[in-house]
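# Architecture at a glance
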Amino acid sequence: MQLIDTHVHINFDVYNQERDDLRNRWSGAEVVQLIHSCVTPQEFESISTLAHQYEELYFAVGLHPLETHNWVPEIGEQIFSLAQSDAKVVAIGETGLDFYKAQNRSQQQQALEAQLQIAHKLDLPVIIHCRDAAAPLAEYLQKFYPTHGKLKGVMHCWGGTPEETQWFLDLGFYISFSGTVTFKKATQIQESCQMVPGDRLLIETDCPFLAPVPKRGKRNEPAYVRYVADRVASLRGIPLETLAQQTTQNARTLFQLPPRDKEIGR
């Protein structure tokens, strides 16, 4: 069996003393590839270093919506340049809208549009963060497509309702579920998980955040994506191996990842 964690942040300081141990654990959990997301372009060097240290790690470059308070167009130019500077860049993001923690809507939308345009120009998928902003984000994308063209991408750490889920499926996006799908009271997320077509489904940890049950409350890590996979498979009434095969193929299709036929580190 092979699993792919499509959203990690292992460059964070909480992992400084144990990244090789992390790798041993994700390898033991049959996680064969990972996508490292990006909060700000200033992380690029540290993430790139990790991606070349661990051959199974690929990454994105972008600006998180909660970091857009200092947005200027030059940041977009920087993202565009960096995305072309390393062959292990496979996506733009994470970008999107977050109206739960911030209300600088104009700056968030400017940063989002710039990154969507970059993704379109470079034919890369976008990693979308969306919190308390599903309706305005869907409306924005519906207006973006006719003038700029359709995009490929993923709604990461998805927490929307089934109705909202369908909006983004209709827009062509993949939907990725994190540890929140394992939470007892996350009924809407679980309903959304059941309705996503098998060829649009992804799994992730979003580590170090949102550790899944039975690790909830602890620091998350890529090995725990297996708990997410277990829960998603159970909700969908399919064997874990089937779920792993579907989500792994989907991740490789979206991010254009090569197959892995050997053990990590060998």
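Residues numbered from 1 in each chain as written. Predicted model: local features only at pLDDT ≥ 70, side-chain atom pairs only at ≥ 80, totals over all residues. Heavy atoms only, no water.

Going by this rule: UniProt positions are given in the numbering used here, feature names are shortened, and annotations may be inferred rather than shown by experiment.
Going by the annotation in an unreviewed UniProt entry, the name recorded for the protein is D-aminoacyl-tRNA deacylase, with Roseofilum acuticapitatum BLCC-M154 given as the source organism. We quote the UniProt Sequence similarities (unreviewed entry) comment for the protein here in full: "Belongs to the metallo-dependent hydrolases superfamily. TatD-type hydrolase family. DTD3 subfamily." The UniProt entry for the protein carries the following comment under Function (unreviewed entry): "Catalyzes the hydrolysis of D-tyrosyl-tRNA(Tyr)."

### Some details on the sheet that holds strand β4 (residues 89–98)
For clarity, the cut-off: At least two bridges found by DSSP between two strands is the condition for calling them paired. A helix here means a DSSP run of H or I that spans at least four residues, while a strand means a run of E at least two residues long, and both kinds are numbered starting from the N terminus. Angles here are taken between N-to-C directions and fall from 0 to 180 degrees, while the axes themselves are lines fitted to C-alpha atoms, restricted in helices to the stretch in contact. The contact criterion used is simple: two residues touch if any of their non-hydrogen atoms lie within 4.5 Å.
Read from one edge to the other, the open sheet built from 8 strands follows the order β1-β2-β3-β4-β5-β6-β7-β8, with strand pairing classed as parallel. Each edge of the open sheet is held by one strand with a lone partner, namely β1 (3–8) and β8 (201–203). Ignoring strand direction, the axes of neighbouring strands in this sheet form an average angle of 30 degrees. Both strand β5 (residues 126–131) and strand β6 (residues 153–155) contribute to a ladder of 3 bridges, which runs parallel. The residue bridging V126 from the neighbouring strand is G153, located in β6. Docked against the sheet, helix α5 (residues 134–148) engages β4, β5 and β6, running at close to 145 degrees with respect to β5.

### Some details on the packing of helix α7 (residues 187–195) against helix α8 (residues 225–236)
To be explicit about the condition: Any angle from 65 to 115 degrees is called roughly perpendicular, while one under 35 is roughly parallel, one over 145 is roughly antiparallel, and all others are oblique. Residue type decides the class: Asp, Glu, Lys and Arg count as charged, Ala, Val, Leu, Ile, Met, Phe, Trp, Tyr, Cys and Pro as nonpolar, and the leftover types, Gly among them, as polar.
Where α7 contacts α8, the axes come no closer than 9 Å and their chain directions differ by 70 degrees. The orientation of α7 with respect to α8, classified from their angle, is roughly perpendicular. Residues Q190, C193 and Q194 of α7 pack against R231, V232, L235 and R236 of α8. When its residues are assigned to classes, the contact of α7 with α8 shows 3 nonpolar, 2 polar and 2 charged.

### What about the packing of aromatic side chains?
Stated formally: Ring geometry is summarised as follows: Phe, Tyr and Trp rings, the Trp one being its six-membered ring, pair when their centres sit within 6.5 Å, and such pairs are stacked at plane angles under 30 degrees, edge-to-face over 60 and tilted between the two. For a ring to carry a charge above it, either NZ of a lysine or CZ of an arginine must fall within 6 Å of the ring centroid while also lying within 35 degrees of the normal to the ring plane.
Under the counting rule described, the total for this entry stands at 6 aromatic pairs. When the centroid spacing of 5.9 Å and the interplanar angle of 75 degrees are considered together, the rings of F12 and F209 count as edge-to-face. Of this pair, F12 sits in the loop between β1 and α1 (19–28) while F209 is found in the loop between β8 and α8, placing the two residues 197 residues apart along the sequence. The ring centre of F99 lies 3.9 Å from the NZ or CZ of R105, which sits over that ring. Across the ring face of F80, the terminal group of K121 is positioned such that the distance to the ring centre comes to 6.0 Å.

### Description of the packing of α5 against helix α6 (residues 162–170)
When two helices pack together, their arrangement is given by the angle between the helix axes and the distance between those axes. Threshold: Throughout, a crossing is termed right-handed when the near helix is turned clockwise from the far one, and left-handed when it is turned anticlockwise from it by less than a right angle.
Relative orientation of the contacting elements α5 and α6 amounts to 15 degrees, with a least axis distance of 10 Å. By the angle class used here, α5 and α6 are roughly parallel. At the point where α5 passes α6, the crossing takes the left-handed sense. Between α5 and α6, the residues in contact are A134, A135, L137, A138 and L141 and E164, W167 and F168, respectively. In the contact of α5 with α6, the residues fall into 7 nonpolar, no polar and 1 charged.

### Examining the UniProt feature "binding site: a divalent metal cation 2" (unreviewed entry) in the protein
Quick reminder of the rule: Two kinds of site are reported from a 1 Å grid over the protein atoms alone, namely cavities, where a 1.4 Å probe fits but cannot get out, and pockets, open sets with protein on both sides within 12 Å along at least five of seven lines, and residues are called lining when an atom falls within 4 Å of a point. Exposure is judged per residue with a 1.4 Å probe applied to protein chains only, and the accessible area is read against the type maximum: over 50% gives exposed, under 20% gives buried, and values in between give partly exposed. In the analysis that follows, any N or O atom pair within 3.5 Å is treated as a polar contact, provided that within protein one partner can donate a hydrogen and the other can accept it, and provided that, for residues neighboring in sequence, both atoms belong to side chains.
If you check UniProt for "binding site: a divalent metal cation 2" (unreviewed entry), the listed places come out as E94, H129 and H156 in our numbering. Across 63 residues in sequence, these annotated residues keep their C-alpha atoms within 8.7 Å of one another, forming a single compact spot. Checked against the lining of the largest pocket, the annotated residues just named reduce to E94, H129 and H156. Residue position: E94 is located in strand β4. For E94, a relative accessible area of 3% corresponds to the buried category. The residues touching E94, leaving out its near neighbours within four places in the chain, are H7, H9, S37, C38, L63, H64, P65, Q115, I127, H129 and H156. One polar contact links E94 to S37, side chain to side chain, over a distance of 3.3 Å. Exposure remark for H156: the relative accessible area of 6% places this residue in the buried category. Not counting residues within four places of it along the chain, the set of residues in contact with H156 comprises H7, E94, I127, I128, H129, S176, E204 and D206.

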